[in-house]
Amino acid sequence: MYRDFALTTIVEFPANILLMYFLNLIGRRNTIGGSIIVSGISCLAVAFIPKQGVYNWIRVAMGMFGKFWITFAFSGVYIWSAELYPTVIRAQGLGLMMVASRIGGSAAPWVAQYLSKYGDFVPFLVMGTLSLVSALLCFKLKETNGKPLADTLEEFYAVNIKDCKGKSAIEKVSTKRLNKNAESAI
């Protein structure tokens, strides 16, 4: 018990150091989405590794590997989330994200304990699958690395909302203005 707790703590330090480098190197979306995929696969692998004998060490090693990558993602989400929200609602958005993550973190042991009644592998299977689904959803969000941040909701919508023809709201407004100017010139 103490060994596993010490290992999870030790794994967090290099994950946070490397995160600072990778966020700028390959971007927020790829770094976070990729690390959640690796941690989800690791969680799924732990589900099928036996607990007995030498396999226990393999199970612990795979668990620590997954812990490294989920720490990588969890720390990076704070930076990326702050960049996704426009300035006028950034504090509220981050506050809501923190509350949701703490509720999820508090509920996870209870969910795992309940699911283990159906088999020791079920909690790992469920959490690994949820990790993979959340990673896929990360790739639907925009990349913010090296891009200007939205200050107002109007700027946020202008950049993020697209109509059915693939034009952003700001492109539509510009097109309408050009058409109006062209009509008034005639």
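Residues numbered from 1 in each chain as written. Predicted model: local features only at pLDDT ≥ 70, side-chain atom pairs only at ≥ 80, totals over all residues. Heavy atoms only, no water.

K.L.:
Which parts of the structure should I look at to understand the overall build of the chain?
P.N.:
Secondary structure summary: the chain contains seven helices and zero strands in total. For the chain, the N- to C-terminal ordering of α and β elements is α-α-α-α-α-α-α. For the chain, the residues scored as buried account for 27% of the 186 residues in total. Contacts in the chain between residues at least 24 apart in sequence constitute 70% of all its contacts with a sequence separation of at least 6. Per element, the accessible surface of the chain, about 12300 Å² overall, is 71% carbon and sulfur. (Helix = DSSP H or I, 4+ residues; strand = E, 2+ residues; numbered from the N terminus. Buried < 20%, exposed > 50% of the residue type's maximum accessible area, 1.4 Å probe, protein only. Contact = heavy atoms within 4.5 Å. Areas by Shrake-Rupley, 256 points an atom, 1.4 Å probe, with all protein chains shown as cover.)

K.L.:
Help me understand helix α3 (residues 55–84) in this model?
P.N.:
The α-helix advances 3.6 residues per turn, and as a result positions three or four apart in sequence lie on the same side. The end-to-end C-alpha distance of α3, which contains 30 residues, comes to 42 Å, matching closely the 44 Å that a straight helix rising 1.5 Å per residue would cover. Helix geometry: α3 is bent most strongly at Val77, by close to 30 degrees. (Expected span 1.5 Å × (residues − 1). Bend = angle between axes of the 7 residues up to and from the residue.)

K.L.:
In this structure, what is going on with the pattern of salt bridges? I would like to understand it.
P.N.:
Between side chains of opposite charge, pairing is possible as soon as their charged atoms come close. Within the structure shown, the criterion is met by three salt bridges. The partner of Glu83 in a salt bridge is Arg28, and the shortest N-O contact between them spans 2.8 Å. In this pair, Glu83 sits in helix α3 while Arg28 sits in helix α2 (residues 28–48), placing the two residues 55 residues apart along the sequence. For the pair Glu83 and Arg28, a shared accessibility class is recorded, and that class is buried. Where Asp120 meets Lys51, a salt bridge forms, and the shortest distance between an N and an O atom there is 3.4 Å. In this pair, Asp120 is assigned in the loop between α4 (90–115) and α5 (122–138) and Lys51 in the loop between α2 and α3, connecting sequence segments 69 residues apart. You can call Lys51 partly exposed: its relative accessible area is 42%. (Salt bridge = Lys/Arg side-chain N within 4 Å of Asp/Glu carboxyl O.)

K.L.:
So what exactly am I meant to see when it comes to the packing of α2 against α3 here?
P.N.:
When two helices pack together, you describe them by how their axes are tilted relative to each other and by the distance separating the axes. It is the contact of α2 with α3, at a shortest axis distance of 8 Å, that shows an interaxial angle of 155 degrees. By the angle between their axes, α2 is roughly antiparallel relative to α3. In terms of crossing hand, the pair formed by α2 and α3 is left-handed. (Axes fitted to C-alpha atoms, helices over the stretch in contact; angles between N-to-C directions. Parallel < 35°, antiparallel > 145°, perpendicular 65-115°, else oblique. Left-handed = near helix turned anticlockwise from the far one by under 90°.)

K.L.:
How should the packing of aromatic side chains be read in this particular structure?
P.N.:
Where two aromatic rings form a pair, the distance of their centres and the angle of their planes describe that pair. Considering all chains together, one arrives at 10 aromatic pairs under this definition. Arranged with centres 6.3 Å apart and planes meeting at 70 degrees, the rings of Phe65 and Trp69 form a pair that is edge-to-face. One end of the pair is Phe65 and the other is Trp69, both in helix α3 and four residues apart, which spans about a single turn. Under the relative-accessibility criterion, Phe65 is labelled partly exposed at 42%. With a centroid separation of 5.7 Å and 75 degrees between ring planes, the pair formed by Tyr114 and Tyr118 is classed as edge-to-face. With relative accessibility at 46%, the residue Tyr114 sits in the partly exposed group. Here the aromatic cluster, defined as three or more aromatic residues joined through ring pairs, consists of Tyr21, Phe22, Phe65, Phe68, Trp69 and Phe72. (Phe/Tyr/Trp six-rings, centres within 6.5 Å; stacked < 30°, edge-to-face > 60°.)

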